[in-house]
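Structural features, examined
The primary structure of each chain is shown beneath.
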Amino acid sequence: MGHHAEPPMASWESTYPIMRCGYPYISAQCDRLGSNLFSSRLLLKKTLFMRGEEAAALFYDEARFTRVNAAPRRLKKTLFGEGAVQGLDGQAHRQRKALFLSLMSQPRIDALMQWVEQYWQSHLTLWQPQASITLLDEFHQLLCRAACAWCGIPLHQAEVPDMTNKLVLMVEGGAAIGPKHWASRRARRQAENALQALVSQYRQGRHDIDPSLPLAAFADFQEANGKVLPSHTVAVELINVIRPIVAVARYMVFAVMALHEYPHCLDKLKHPGAGRYRQHFIQEVRRYYPFFPFLAARVKTDFTWQGYRFKRGRQAILDLYGTNHDAQRWASPDQFYPERFENEPQAFHRFAMIPQGGSEHATQHRCPGEWITVALINWAIEKFAQQVRYDLPPQDLTIDLNVVPARPRSGLIITNVRPIDPLSVTTEENG
Ligand code: HEM
């Protein structure tokens with residue numbers, strides 16, 4: 001390797017191969033080239049692709065990369081929204097981020113989980129007579145109701161399906177092309193308009209809520225200049241809370257799926273005192289199952305890394321999925337094996353296990369929703385391993401690795417859901 005060399009080139013354009021091959025693409029190129037860094041083009045833009053723990057540490061170096069104007073326009077119009085925390089840098093980012101993190105205290109998370117439990121109980125009474133339910137759809141609706149209630153956003157029961165569809169479309173439409181992508185943009189516009197109207201009502205004193213709820217916290221928040229955020233930005237940031245909460249449904253479905261596919265894990269989880277194992281199981285769900293494939297940033301200043309030249313302005317992509325499945329870091333990375341975390345001291349890895357981004361929460365773009373995500377997956381495991389019985393009819397649970405974000409094809413259909421009768425459990429245990 002010469003000094004200040006250009007990174008190896010994988011192909012002239014990568015957009016089509018990425019769409020065809022999906023999550024494993026970047027990693028496959030790294031393996032083929034024997035390099036955790038390569039260059040190519042994405043949507044015709046020259047791009048550096050990076051994978052692995054060391055590359056992640058580099059990607060989160062603020063002196064070298066910026067997120068300002070880094071996200072493709074199509075993602076801003078669907079997934080993130082304009083003016084959102086994702087596209088801020090430096091001091092402005094830290095202040096806005098502190099607001100998100102202030103919502104993540106244990107009592108606040110407990111409050112969210114109480115809403116989840118309450119709506120679960122009411123869904124459960126609806127489900128019992130039903131022939132079958134698709135768990136992904138049901139979790140989406142359940143989480144939409146809980147998230148809105150938690151934020152102080154009024155949502156009539158009749159509005160739940162529509163609001164849920166809009167939030168799911170924002171998550172699914174970023175990577176989609178054609179009609180689904182445009183439906184996703186429309187869904188965002190409509191949801192933003194509705195929430196913006198609500199924020200105006202609140203500011204005029206016409207929507208009386210607890211000031212600690214996210215709607216009030218975002219509407220009252222003052223930036224460094226002493227001004228409150230424009231009502232549109234408040235709407236965008238509120239969607240930045242409720243949309244990803246709804247998206248956790250995918251991890252909850254993956255967790256329930258894993259209970260079936262790995263029965264020895266289920267046995268371990270049922271053991272009294274399995275708390276530590278449960279944490280490892282949750283970590284493995286987040287590591288193993290595909291979610292966001294990669295992140296985008298721009299090179300802030302010319303520099304050299306491992307002998308390779310990084311040019312100012314160049315687009316850089318960090319492979320999240322490939323880093324979580326990097327064989328240089330994880331033994332048998334493509335096996336679901338929660339026990340691997342027994343020897344991993346960190347609960348949240350800085351750069352090796354980065355399904356929700358890496359580095360630090362307060363100063364970097366790392367996801368502020370990790371604690372909520374873990375709490376929700378934990379809840380789903382507790383429910384489905386211990387508190388309800390149900391049947392799993394034959395179905396196609398294939399996860400297509402070129403569908404982003406990933407899901408089992410069937411959405412996980414279950415039938416005959418009912419609470420476990422505590423008396424029958426006692427009898428079984430005694431018998
Ligand atoms: C399904 C589970 C989730 C996944 C896979 C996920 C993933 C991610 C990823 C990959 C990032 C980008 C990190 C970066 O740019 O460096 C991120 C950022 C973010 N996430 Fe999550 N997330 C999840 C759940 C949540 C939840 C539950 C919330 C809120 C309650 C949330 C709110 C956010 C926000 C506001 C950001 C932007 C942070 C910033 O730019 O500083 N996420 N998430």
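See the structure above.
Scope of this entry: the structure provided in the associated data block. (Residues numbered from 1 in each chain as written. Predicted model: local features only at pLDDT ≥ 70, side-chain atom pairs only at ≥ 80, totals over all residues.)

What follows is about the overall build of the chain. The number of helices and strands found in the chain is 16 helices and 10 strands. For 431 residues, the compact-globule estimate of 2.2 N^0.38 gives 22 Å, and the chain sits close to it at 22 Å. Counting only residues that meet the buried cut, the chain has 40% of its 431 residues in that class. Nonlocal contacts in the chain, meaning residues at least 24 apart in sequence, comprise 69% of its contacts between residues at least 6 apart. (Helix = DSSP H or I, 4+ residues; strand = E, 2+ residues; numbered from the N terminus. Rg over C-alpha atoms; globule rule 2.2 N^0.38 Å. Buried ≥ 20, exposed ≤ 12 C-beta atoms within 10 Å, placed from the backbone. Contact = placed C-beta atoms within 7 Å.)

Around the ligand sit 24 residues, and of these P244, G357, H365, C367 and G369 come closest. Ranked by the residues each element gives to the shell around the ligand, the list is headed by helix α11 (residues 231–261), at 7 residues. Of the residues in the shell around the ligand, the class split is 15 nonpolar, 7 polar and 2 charged. (Near = placed C-beta within 6 Å. Nonpolar A, V, L, I, M, F, W, Y, C, P; charged D, E, K, R; others polar.)

What follows concerns helix α8 (residues 160–173). The α-helix winds at 3.6 residues per turn, so residues separated by three or four positions along the chain end up facing the same way. The end-to-end C-alpha distance of α8, which contains 14 residues, comes to 19 Å, matching closely the 20 Å that a straight helix rising 1.5 Å per residue would cover. Taken across its 14 residues, α8 has 10 buried, putting it largely inside the fold. By the burial criterion, the buried members of α8 are M163, T164, K166, L167, V168, L169, M170, V171, E172 and G173. (Expected span 1.5 Å × (residues − 1).)

This next bit is on the sheet that holds strand β3 (residues 65–66). Read from one edge of the open sheet, 5 strands run β1-β2-β8-β5-β3, paired in mixed fashion. The open sheet has two free edges, formed respectively by β1 (37–42) and β3, since each of these has just one partner strand. In this structure, β1 lies alongside strand β2 (residues 45–51), joined through 6 bridges in antiparallel fashion. Within β2, the residue paired with L42 across the bridge is K45. Helix α2 (residues 25–33) contacts β1, β2, β5 (294–299) and β8 (315–319) of the sheet and is inclined by roughly 80 degrees relative to β2. (Pairing = 2+ DSSP bridges. Axes fitted to C-alpha atoms, helices over the stretch in contact; angles between N-to-C directions.)

For any two helices packed against each other, one specifies the inter-axial angle together with the distance between the axes. Between helix α7 (residues 135–151) and α11, whose axes approach to 8 Å, the crossing angle comes to 145 degrees. The chirality of how α7 crosses α11 is right-handed. Facing L135, L136, F139, H140, L143, C144, A147, C148 and C151 of α7, the residues of α11 in contact are L238, V241, I242, I245, V246, V248, A249, M252, V253 and V256. For the contact of α7 with α11, the class distribution of residues is 18 nonpolar, 1 polar and no charged. (Left-handed = near helix turned anticlockwise from the far one by under 90°.)

All right, on to the environment of A217 then. Position of A217 relative to the elements: it lies in helix α10 (residues 214–220). Once the C-alpha coordinates of A217 and I109 are considered, the two residues, 108 residues apart in sequence, prove to be 15 Å apart. Excluding residues that lie within four positions of it along the chain, A217 makes contacts with L99, S102, L103 and S212.

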